[in-house]
Amino acid sequence: MTGNHRTLEEQKEEFKSKKLLASPIAGLIAWLIVAISGIFFPDNITVWVLFIATGSIVYLSMAVSKLTGEDYLDKRKPKNTFDNLFFLTVAQAILVYSIAIPFFIVDYTSLPLTVGILTGLMWVPLTWIIDHWVGLFHSIVRTILVLILWYLFPSDRFVVIPIAIIIVYIVSIIVLKNRKIKT
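So, how was this worked out
Residues numbered from 1 in each chain as written. Predicted model: local features only at pLDDT ≥ 70, side-chain atom pairs only at ≥ 80, totals over all residues. Heavy atoms only, no water. Helix = DSSP H or I, 4+ residues; strand = E, 2+ residues; numbered from the N terminus. Rg over C-alpha atoms; globule rule 2.2 N^0.38 Å. Contact = heavy atoms within 4.5 Å. Areas by Shrake-Rupley, 256 points an atom, 1.4 Å probe, with all protein chains shown as cover. Lys, Arg positive; Asp, Glu negative; His and termini not counted. Charge placed at Lys NZ, Arg CZ, Asp CG, Glu CD. Phe/Tyr/Trp six-rings, centres within 6.5 Å; stacked < 30°, edge-to-face > 60°. Buried < 20%, exposed > 50% of the residue type's maximum accessible area, 1.4 Å probe, protein only. Salt bridge = Lys/Arg side-chain N within 4 Å of Asp/Glu carboxyl O. Polar contact = N/O pair within 3.5 Å; in protein donor to acceptor, adjacent residues only side chain to side chain.

Asker: What should I look at first to understand the overall build of the protein chain in this one?
Answerer: A count of helices and strands for the protein chain gives 10 helices and zero strands. The order of helices and strands in the protein chain, counted from the N terminus, is α-α-α-α-α-α-α-α-α-α. Radius of gyration (C-alpha) of the protein chain: 17 Å, near the 16 Å computed for a compact globule of 183 residues. When its C-alpha atoms are laid out on the principal axes, the protein chain stretches across 60 × 25 × 25 Å. Here the contacts in the protein chain between residues at least 6 apart in sequence split such that 73% fall between residues at least 24 apart. If you sum the accessible surface of the protein chain, you get close to 10000 Å²; carbon and sulfur atoms cover 72% of it. Computed over 16 positive and 12 negative side-chain charges, the inter-centroid distance for the protein chain is 5 Å.

The following block contains the structure:
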């Protein structure tokens, strides 16, 4: 045991002091790619774009984290339990494809609904970790919008749903950027 041992509360405060912008920026980029594909390409192409783009968010966020100064892969930073918890929520989001894929096989237009809602659930624990409402806002508003738009625009699901998710990301990024961070 080293003298660098920190309590969970100290680690939580450290996690809360981070910008937390890389992952939402990566999510915004991924869903923007899906929306663009939905506008310009047929659905049989866009489903693959959706799978690949959303499945790549974690990798894209690692790259973006270098630009935001968060650098997820920096080995010099001390280990933080809440970083591990956050990455487990990412794993959870990836595992939900096991729900999305069977529905996709039955009705390919279910993909924006299932992936749009299920991958947004990883924001719920973020609210607790950072003691801020943005995670619940993101998950709840995203879920409601995706569900409503899925029913209202059956022929445009691969465009309107990604655009709604992009808007929720933009609001969430603005809120995260402007939240008060203890230093």
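Asker: Please explain the packing of aromatic side chains as it appears in this structure.
Answerer: Two aromatic rings, taken as a pair, are described by how far apart their centres are and by the angle between their planes. Counted according to the given criterion, the structure contains 11 aromatic pairs. Here Tyr 72 and Phe 87 contribute two aromatic rings whose centre-to-centre distance is 5.7 Å and whose plane-to-plane angle is 90°, an arrangement assigned as edge-to-face. Taken together, the positions of Tyr 72 in the loop between α4 (57–68) and α5 (81–95) and Phe 87 in helix α5 put the pair 15 residues apart, joining distant regions of the chain. Plain terms: the ring middles of Phe 82 and Trp 128 are 5.8 Å apart, the flat faces sit at 45° to each other, and that makes the pair tilted. Of the two residues, Phe 82 is situated in helix α5 and Trp 128 in helix α8 (residues 123–130); the sequence distance between them amounts to 46 residues. Judged by relative accessible area, Trp 128 falls into the partly exposed class, the value being 49%. Each residue in the set Phe 15, Tyr 72, Phe 86 and Phe 87 is aromatic and connected to the rest through ring pairs, giving one cluster.

Asker: I would appreciate a short explanation of the pattern of salt bridges in the present structure.
Answerer: Opposite charge on two side chains makes pairing possible when the charged atoms of those side chains draw close. Summed over the entire model, instances satisfying the criterion amount to seven salt bridges. Two residues, Asp 131 and Lys 12, come together in a salt bridge whose shortest N-O distance is 3.3 Å. Of the two residues, Asp 131 is situated in the loop between α8 and α9 (134–152) and Lys 12 in helix α1 (residues 8–16); the sequence distance between them amounts to 119 residues. Here Asp 131 falls in the partly exposed class, since its relative accessible area comes to 46%. On the basis of relative accessible area, Lys 12 is assigned to the buried category, the value being 8%. The partner of Lys 18 in a salt bridge is Asp 83, and the shortest N-O contact between them spans 2.5 Å.

Asker: What's the story with the environment of Lys 16 in this structure? I'm lost.
Answerer: You can see Lys 16 is positioned in helix α1. Sequence-wise, Lys 16 and Leu 126 are 110 residues apart; in three dimensions their C-alpha atoms are separated by 9.5 Å. Within polar-contact distance, the side chain of Lys 16 engages the side chain of Glu 13 at 3.1 Å.

Read these as layout, nothing more, since geometry by itself doesn't imply function.
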